[in-house]
Amino acid sequence: MTETSQGSGGSAPQTPPGGGEQDGRLGSLAKRVPLGKGPGGPRPPAGTGAAAVRGPGEIRHLGLVAALVLLAGVGLATQPENFATSGNVVAILVLAATIGVITVGQTFVIIGGGIDLSVGSVMALASVWATTVATQSYGPAVMALCAILVGTGTGVVSGLLISYGRLVPFIATLAMLVAARGLAQRMSDRKTQLIGPENDALVALSTTRVLGLPLVVYIFAAVAFAGWLLLNRTTFGRRTFAVGGNPEAARLAGIDVRRHTLALYALSGFCCGIAAIIIMARTTTGSSTHGDLYELDAIAAVIIGGTLLTGGRGTVVGSILGVLIFTLITNLFILNGLQTSDQLIAKGAIIVAAVLLQRRGLRSPT
């Protein structure tokens with residue numbers, strides 16, 4: 001691996017002792033995406049990752065927290081008797097758990113410069129496969145393992161198509177969206193598959209409470225924390241920022257971009273498998289209808305959280321706050337008896353506003 005150093009007359013690549021020849025293009029590429037060398041591998045571009053959280057990212061997070069407080073105020077003003085109850089708070093967190101786990105995986109994919117449209121269908125396929133009679137006969141542990149393996153496997157397929165098949169992420173994951181949903185319908189014969197009483201241990205994830213919260217909320221929190229650690233404290237996270245910021249510069253810096261892209265989609269599928277476990281515990285079923293439009297909710301939450309659709313910048317904390325905002329909006333609409341169509345219109349307007357604010361932020365001087 002090489003380092004790029006800038007002198008008064010410009011930048012030129014330098015080769016460390018014992019190293020080989022360095023492509024001359026790295027100097028110009030490094031101007032756009034400066035990559036350093038450290039014990040953990042390439043550093044992310046300036047203004048991304050943990051550094052972003054301490055700077056502009058911190059401001060974005062405060063804005064999201066302010067939005068949550070504002071929405072809570074609206075709830076207290078419109079439904080004072082129903083909104084502030086412990087039961088409603090738990091319902092909000094449980095509703096956020098499923099889409100939140102999916103959003104963590106989606107955050108990594110988008111920061112890495114891709115997009116995954118198949119997450120809802122993959123979750124449905126994993127839930128159906130894990131609740132077939134054959135799988136249930138092996139017990140709840142095997143059901144959970146099956147859901148994770150199916151989710152991860154479909155993510156690997158998407159990753160192979162994108163990284164080695166050179167398909168555009170939008171097309172590859174759109175194809176997986178259709179195929180996974182179709183396979184789920186075929187396996188279940190379009191019927192809802194109930195979890196048998198012998199596998200109540202899986203359902204207990206939703207019914208068992210610790211400190212007043214169901215176990216599925218703790219699963220969500222654990223996935224979010226693990227995602228934060230992976231993105232901000234590991235080589236994998238730094239490489240994700242580098243690949244999303246400038247794939248060519250990342251490749252010249254020694255990162256296997258194709259293999260890393262494959263890993264990102266596998267991680268997204270892994271999160272879909274965990275989300276399938278949560279949805280099975282909540283509904284006691286596996287169904288091909290699970291996860292309908294979840295891909296849009298996940299992408300919207302990531303955008304609201306400040307992650308750039310072009311890749312190279314984003315935070316897990318922001319994405320989780322985005323999930324809570326959308327979940328709180330849904331809860332307010334339900335409590336006030338508003339129609340689903342109104343919810344979709346409001347979400348669409350929020351997404352457009354978030355993207356416009358992103359574009360304005362990119363155009364502003366730094």
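Provided above is the structure to which this section pertains.
Keep in mind the model is a prediction, meaning the values are calculated, not measured.

Undergrad: Got a sec to walk through the pattern of salt bridges? Specific residues and values, please.
TA: This model, assessed by the stated rule, comprises three salt bridges. For Lys-191, the salt bridge identified is with Asp-189, shortest N-O distance 4.0 Å. The residue Glu-248 makes a salt bridge to Arg-251 at a minimum N-O spacing of 2.6 Å. Of this pair, Glu-248 and Arg-251 both sit in helix 12 (residues 247-252), separated by three residues, roughly a single helical turn. The class for Arg-251 is partly exposed, based on a relative accessible area of 42%.

Undergrad: Requested: an account of the packing of aromatic side chains, with residues and values cited.
TA: Going through the model one piece at a time under the given rule, you end up with two aromatic pairs. Taking 6.3 Å as the distance between ring centres and 45° as the angle between the ring planes, the aromatic pair formed by Phe-108 and Phe-236 counts as tilted. Placement of Phe-108 in helix 4 (residues 86-111) and of Phe-236 in helix 11 (residues 235-245) is noted, with a sequence separation of 128 residues between them. With a centroid separation of 6.3 Å and 15° between ring planes, the pair formed by Phe-225 and Trp-228 is classed as stacked. Here the residue Phe-225 and the residue Trp-228 both occupy positions in helix 10 (residues 215-232), the gap between them amounting to three residues, near one helical turn. Look at Phe-225 and you get exposed, because its relative accessible area is 52%.

Undergrad: Please set out the environment of Glu-295 residue by residue, giving values where relevant.
TA: Structurally, the position occupied by Glu-295 is in helix 14 (residues 294-304). A residue is classified by how much of its surface remains accessible, and Glu-295, at 8% relative accessible area, is buried. Here the alpha-carbon distance between Glu-295 and Ile-99, two residues 196 residues apart in the chain, equals 8.8 Å. Residue contacts for Glu-295: discarding those within four places in its chain leaves Gln-106, Asp-116, Leu-117, Val-119, Gly-120, Ser-121 and Leu-177.

Undergrad: So what about helix 14? Which residues, and what values?
TA: Among the eleven residues in helix 14, nine count as buried, and that is most of the element. Of all the residues in helix 14, the buried ones are Tyr-294, Glu-295, Ala-298, Ile-299, Ala-300, Ala-301, Val-302, Ile-303 and Ile-304.

Undergrad: A description of the environment of Ile-325 should follow, citing residues and the corresponding values.
TA: Topologically, Ile-325 is positioned in helix 15 (residues 316-335). Under the relative-accessibility criterion, Ile-325 is labelled buried at 6%. Residues Ile-325 and Ala-301, spaced 24 residues apart in sequence, show a C-alpha to C-alpha distance of 8.1 Å. Contacts of Ile-325, omitting those with residues within four sequence positions, involve Leu-64, Ala-67, Leu-68, Leu-71 and Ile-304.

Undergrad: Quick rundown of the nonpolar core? Include the residues and the values.
TA: Core analysis: the largest hydrophobic core is formed by 57 residues, its most contacted members being Val-101, Ile-102, Phe-108, Met-123, Ala-147 and Met-280. For this core, the element with the highest residue contribution is helix 13 (residues 257-283), accounting for 13 residues. Not counting residues up to four positions away in its chain, the partners in contact with Met-280 are Ser-127, Ala-130, Thr-131, Ala-147, Ile-195, Leu-202 and Thr-285. Core analysis: the next-biggest nonpolar cluster, separate from the first, contains 20 residues, Leu-64, Ile-92, Ile-115 and Ile-325 among them.

Undergrad: Any details on the packing of helix 7 (residues 140-163) against helix 13? Residues and values, ideally.
TA: Where helix 7 contacts helix 13, the axes come no closer than 7 Å and their chain directions differ by 150°. As summarised for this structure, helix 7 and helix 13 are arranged roughly antiparallel, according to the angle between their axes. Seen from above, helix 7 lies across helix 13 with right-handed handedness. Packed against helix 7, whose contacting residues are Ala-144, Ala-147, Ile-148, Gly-151, Thr-152, Gly-155, Val-156, Ser-158, Gly-159, Leu-160, Ile-162 and Ser-163, the element helix 13 presents Arg-258, Thr-261, Leu-262, Tyr-265, Ala-266, Gly-269, Phe-270, Gly-273, Ile-274, Ala-276, Ile-277 and Met-280 at the interface. Here the residues of the contact of helix 7 with helix 13 sort into 14 nonpolar, nine polar and one charged.

Undergrad: Can you tell me about the side chain of Gln-193, naming the residues and giving the values?
TA: Turning to its location among the elements, Gln-193 is positioned in strand 3 (residues 193-194). Judged by relative accessible area, which is 14%, Gln-193 ranks as buried. A polar contact of 2.7 Å, which involves the side chain of Gln-193, links it to the side chain of Thr-131. In contact with Gln-193, other than residues within four places in its own chain, are Val-128, Thr-131, Thr-132, Met-187, Ser-188, Thr-284, Thr-285 and Gly-286.

Undergrad: Hey, could you go over unusual backbone geometry for me, with residue numbers and the actual values?
TA: For Asp-189, which is not glycine, the phi dihedral falls at a positive 55°. Given a relative accessible area of 51%, Asp-189 falls into the exposed group. If you check the backbone angles, Leu-211 has positive phi at about 55° while not being a glycine. Note on placement: Leu-211 falls in the loop between strand 4 (209-210) and strand 5 (213-214). We classify Leu-211 as exposed; its relative accessible area is 80%.

Rules behind the numbers
Residues numbered from 1 in each chain as written. Predicted model: local features only at pLDDT ≥ 70, side-chain atom pairs only at ≥ 80, totals over all residues. Heavy atoms only, no water. Salt bridge = Lys/Arg side-chain N within 4 Å of Asp/Glu carboxyl O. Helix = DSSP H or I, 4+ residues; strand = E, 2+ residues; numbered from the N terminus. Buried < 20%, exposed > 50% of the residue type's maximum accessible area, 1.4 Å probe, protein only. Phe/Tyr/Trp six-rings, centres within 6.5 Å; stacked < 30°, edge-to-face > 60°. Contact = heavy atoms within 4.5 Å. Core = buried A, V, L, I, M, F, W, Y, C linked by side-chain atoms within 4.5 Å. Axes fitted to C-alpha atoms, helices over the stretch in contact; angles between N-to-C directions. Parallel < 35°, antiparallel > 145°, perpendicular 65-115°, else oblique. Left-handed = near helix turned anticlockwise from the far one by under 90°. Nonpolar A, V, L, I, M, F, W, Y, C, P; charged D, E, K, R; others polar. Polar contact = N/O pair within 3.5 Å; in protein donor to acceptor, adjacent residues only side chain to side chain.

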